[in-house]
Amino acid sequence: MFIDSHCHLDAYEEYSGETLDSLFARLQAATDAARLQASGDSVAFPIPDLSSQKSWSSSKSDAPDPNVRMPEAFIHVACDPKDLTRGVELIEKYPFVYGAFGIHPEYVSDTTPEDEARVAELLKHPKCVACGEIGLDYHYGADKKAEQCKLFERQLGIGIASGKPLVFHLREADDDALAILRNADLHNRNIHVHCFTGTPEFVEELLALDANVFIGFTGIVTFKSAQNVRDAAALVPYNQILLETDSPYMAPVPHRGKTCHSGFIPYTAQMLADIKKIPVEELYRQCRVNTRNCYFI
């Protein structure tokens, strides 16, 4: 089994036009059908053909992808202040959905002290498993670097005080991110650097932090243009890798450009298994352990 360690379920509904009830039922039906077809010794998650150019969107009327599977659980990330309440609704409605709460750096100009206080309170929820995603994004917010750094430092303090794992969004801000993280008390803290898109050099710096570091990989690792991400993945010990989608964004090849959902993880898993030169079944098993070690679920 596998867990989608980072997704945005509310945004999936918005982007796809499909309800979560429908998505979950569809993924479960696909998983049940695969298990019925498998022999007793067969792998529950068949190896997907990454060379396939078959296109499939999230529309219910389209032909299903035989490789999609229902995750064991989802970690829904609520990181827009206006979506925090919806995040609570989702984790309370579905027993297999857990939550992470934080404020994404793109909302730095709109965030209020009340929003930050709300996040601190939500971190106490029994189904909240992490503080995040928090961090820096200079790809879109280069004109707000100072403000982003201050917001990151404040939320880092909130997250550390909560005792929960920390989920980081770090994009094109390597030097500032490392300076902030090296100055924080991360000893024995579990941190998930989500949707890694940086350089091999950056991942080595992150792995050297005084913390329990996990690196999350999405469908980007399958993109032809993302050799830097594959090179970085080769450097990450396989007991520090997390599987995630960042759904509804960045669907893996062969579905690039479509609305991404958590059932597409087998494509990412197979690419990572190829990079690590291990059987995909072993990668699934290890990543499930990693998710438990990071998030305690």
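Rules of the game
Residues numbered from 1 in each chain as written. Predicted model: local features only at pLDDT ≥ 70, side-chain atom pairs only at ≥ 80, totals over all residues. Heavy atoms only, no water. Helix = DSSP H or I, 4+ residues; strand = E, 2+ residues; numbered from the N terminus. Rg over C-alpha atoms; globule rule 2.2 N^0.38 Å. Buried < 20%, exposed > 50% of the residue type's maximum accessible area, 1.4 Å probe, protein only. Contact = heavy atoms within 4.5 Å. Core = buried A, V, L, I, M, F, W, Y, C linked by side-chain atoms within 4.5 Å. Pairing = 2+ DSSP bridges. Axes fitted to C-alpha atoms, helices over the stretch in contact; angles between N-to-C directions. Lys, Arg positive; Asp, Glu negative; His and termini not counted. Salt bridge = Lys/Arg side-chain N within 4 Å of Asp/Glu carboxyl O. Disulfide = S-S within 2.5 Å. 1 Å grid on protein atoms, 1.4 Å probe; cavity = no way out; pocket = protein on both sides within 12 Å on 5 of 7 lines; lining within 4 Å. Points joined across faces, edges and corners; volume = space filled by probe spheres on them. Nonpolar A, V, L, I, M, F, W, Y, C, P; charged D, E, K, R; others polar. Left-handed = near helix turned anticlockwise from the far one by under 90°.

A. Inspection of the overall build of the protein chain at higher detail. Secondary structure assignment for the protein chain yields ten helices and eight strands. On C-alpha atoms alone, the protein chain measures out to a radius of gyration of 18 Å, which is about the 19 Å that the 2.2 N^0.38 rule sets for 297 residues. Counting all 297 residues of the protein chain, 58% fall into the buried class. Counted over contacts in the protein chain with a minimum sequence separation of 6, partners at least 24 positions apart contribute 73%.

B. Expanded view of the nonpolar core. Within the largest apolar cluster, 81 residues are counted, with the highest numbers of intra-cluster contacts made by Leu156 and Phe168. The leading source of residues in this core is helix H9 (residues 265-276), at seven residues. Excluding residues within four positions of it along the chain, Phe168 makes contact with Ile134, Phe152, Leu156, Leu181, Ile191, His192, Val193 and His194. Counting residues in hydrophobic clusters, the runner-up holds 14 residues, among them Ile75, Val77, Val167 and Cys294.

C. Quick look at the sheet that holds strand E7 (residues 212-217). Pairing within the open sheet is parallel, and its eight strands lie in the order E1-E2-E3-E4-E5-E6-E7-E8. Sheet topology places strand E1 (3-7) and strand E8 (241-243) at the edges, where each strand pairs with a single neighbour. Between one strand and the next, the sheet's axes are offset by a mean angle of 30 degrees, whatever the strand orientation. Pairing geometry for strand E5 (residues 166-171) and strand E6 (residues 190-193), over three bridges, is parallel.

D. Expanded view of the environment of Glu116. Within the element layout of this structure, Glu116 appears in helix H4 (residues 113-122). In this structure, the C-alpha to C-alpha distance between Glu116 and Tyr295, residues 179 residues apart in sequence, is 22 Å. Contacts of Glu116, omitting those with residues within four sequence positions, involve Ile103, Thr111, Leu151, Arg154 and Ile158.

E. Region of interest: the side chain of Asp246. Secondary-structure assignment places Asp246 in the loop between E8 and H9. Here Asp246 occupies a buried position and makes no salt bridge, while the nearest side chain of opposite charge, Arg171, is found at 8.6 Å.

F. Local environment of the state of the cysteines. Under the counting rule described, the total for this entry stands at zero disulfides. In this structure Cys79 is a free cysteine whose sulfur lies 11 Å from that of Cys131, the closest cysteine sulfur available.

G. Local environment of the layout of surface pockets. Size it by volume and the largest pocket reaches roughly 1000 Å³. The set of elements that each furnish at least two residues to the lining of the largest pocket consists of helix H1 (9-16), strand E2 (73-78), strand E4 (128-137), E5 and helix H8 (227-235). Broken down by element, the residue count for the lining of the largest pocket peaks at four residues, all from H1. Broken down by class, the residue content of the lining of the largest pocket amounts to 18 nonpolar, eleven polar and 14 charged.

H. Molecular detail of the environment of Gly263. Note on placement: Gly263 falls in the loop between E8 and H9. Setting aside its immediate chain neighbours within four residues, Gly263 contacts Leu27, Asn67, Val68 and Arg69.

I. Structural view of the pattern of salt bridges. Per the counting criterion, the structure on display carries ten salt bridges. Close ionic contact of Arg86 with Glu13 constitutes a salt bridge, the shortest N to O distance being 3.0 Å. On the criterion of sequence distance, the pair formed by Arg86 in helix H3 (residues 84-93) and Glu13 in helix H1 is long-range, its members being 73 residues apart. Among the ionic contacts, a cluster of salt bridges with common partners joins Glu13, Arg86 and Glu89.

J. Structural detail: the pairing of E4. Most of E4 is tucked away: ten of the ten residues are buried. Bridge count between strand E3 (residues 97-101) and E4: three bridges; the pairing is parallel. Following the sheet pairing, Phe101 is matched in E4 by Cys131. Across five bridges, E4 lies against E5 in parallel orientation. Across the sheet, the residue bridging to Ile134 is Phe168, located in E5.

K. Here's a closer look at the packing of helix H7 (residues 200-207) against H8. At a minimum axis distance of 8 Å, the contact between H7 and H8 shows a crossing angle of 35 degrees. In this structure, H7 crosses over H8, and the sense of that crossing is right-handed. Side by side, H7 and H8 meet where Pro200, Val203, Glu204 and Leu207 of the first sit next to Asn228, Asp231, Ala232 and Leu235 of the second. Across the contact of H7 with H8, the residue classes break down as five nonpolar, one polar and two charged.

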